[in-house]
Amino acid sequence: VHDKFLCGSTGCRGSRNAGWDTGSVLDLRRATVADVPRMQHVAEQAYSPYLPRMEGRRPGPMETDYRAAVSETEAWVAESDSEVVGFLLLVGEADGMLLENVAVHPSHHGRGVGRALLLLAEERAAAAGHARIRLYTHETMVENQRLYERVGYVETHRGGEHGLVRVFYEKALAPGDGATDGG
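Conventions used here
Residues numbered from 1 in each chain as written. Predicted model: local features only at pLDDT ≥ 70, side-chain atom pairs only at ≥ 80, totals over all residues. Heavy atoms only, no water. Helix = DSSP H or I, 4+ residues; strand = E, 2+ residues; numbered from the N terminus. Buried < 20%, exposed > 50% of the residue type's maximum accessible area, 1.4 Å probe, protein only. Polar contact = N/O pair within 3.5 Å; in protein donor to acceptor, adjacent residues only side chain to side chain. Contact = heavy atoms within 4.5 Å. pLDDT = per-residue confidence, 0-100. Expected span 1.5 Å × (residues − 1). Arc of directions from axis to C-beta. Pairing = 2+ DSSP bridges. Right-handed = clockwise from strand over helix to strand, strands pointing away.

(A) Broad picture of the side chain of asparagine 101. Residue placement: asparagine 101 occurs in strand β6 (residues 96–104). A relative accessible area of 4% places asparagine 101 in the buried class. Here the side chain of asparagine 101 touches tyrosine 47 through a polar contact of 2.6 Å, side chain to side chain. A polar contact is formed between the side chain of asparagine 101 and the side chain of tyrosine 66, at a distance of 3.1 Å. Setting aside its immediate chain neighbours within four residues, asparagine 101 contacts Tyr47, Pro61, Tyr66, Phe87, Leu88 and Leu89.

(B) Quick look at the side chain of threonine 137. As for its position among the elements, threonine 137 is in strand β7 (residues 132–138). Using a relative accessible area of 5% as the deciding quantity, one classes threonine 137 as buried.

(C) Molecular detail of the confidence of the model for the protein. With 82% of its residues at a pLDDT of 70 or more, the protein shows a mean pLDDT of 85. Predicted confidence for residues 5–22 stays below pLDDT 50, and this span has 50 contacts to residues more than four positions away or in other chains. Low confidence marks residues 178–183, where pLDDT is under 50. Its contacts with residues over four positions away, or in another chain, come to eight contacts.

(D) Structural view of helix α1 (residues 36–47). Its 12 residues give α1 an end-to-end C-alpha distance of 16 Å, which sits within 8% of 16 Å, the value for a rise of 1.5 Å per residue. Looking only at α1, the buried set comprises Val36, Met39, Val42, Ala43, Ala46 and Tyr47. Seen from one end, α1 has its buried residues packed into an arc of 120°, which puts them on one side. Against α2 (66–72), β4 (74–80), β5 (83–93) and β6 lie the buried residues of α1.

(E) Expanded view of the pairing of β7. In terms of residue burial, β7 counts as a mostly covered element, since five of its seven residues are buried. Relative to β7, β6 is paired through two bridges, and the arrangement is parallel. What sits directly across from leucine 98, in β7, is arginine 134. Handedness of the crossover joining β6 and β7 through helix α3 (residues 113–127) is recorded here as right-handed.

Structure below.
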């Protein structure tokens, strides 16, 4: 499954239009094993700026087995100019979709790649029949929290695990949300 978007200063044209601005064609497609090294690289680059805030503790996405994730989750990549610049991992659960990980290479921050991936996550959740999507982030990742809140996620609670304090979010999906192209 591929979704292409032509993006420029006025937004994107394609099968969806969420107002992001990547300045190039953004291709969202299912990840393959061939994407694993680039996904690992994106994760390292996306999460390493948080290491000082987390007192040197490596966030879970820096330790993820992306080969397993590609085969065990609904994994997607965002490509710009044939280069993987972001990715998304989704896990269907009985009561909703878990957005397990979304990461964007720092060279593409502020270009709407994260928003495009979040929109795709919502569309995939709705297409799978889920009424809500959930995610969590570390309490020090405040930039991510602001983005989630801007696009309609609501904080549900905070909790600790393995010495990490996570902020949990949820977004209700309206009936009819999701891809109209079946894909």
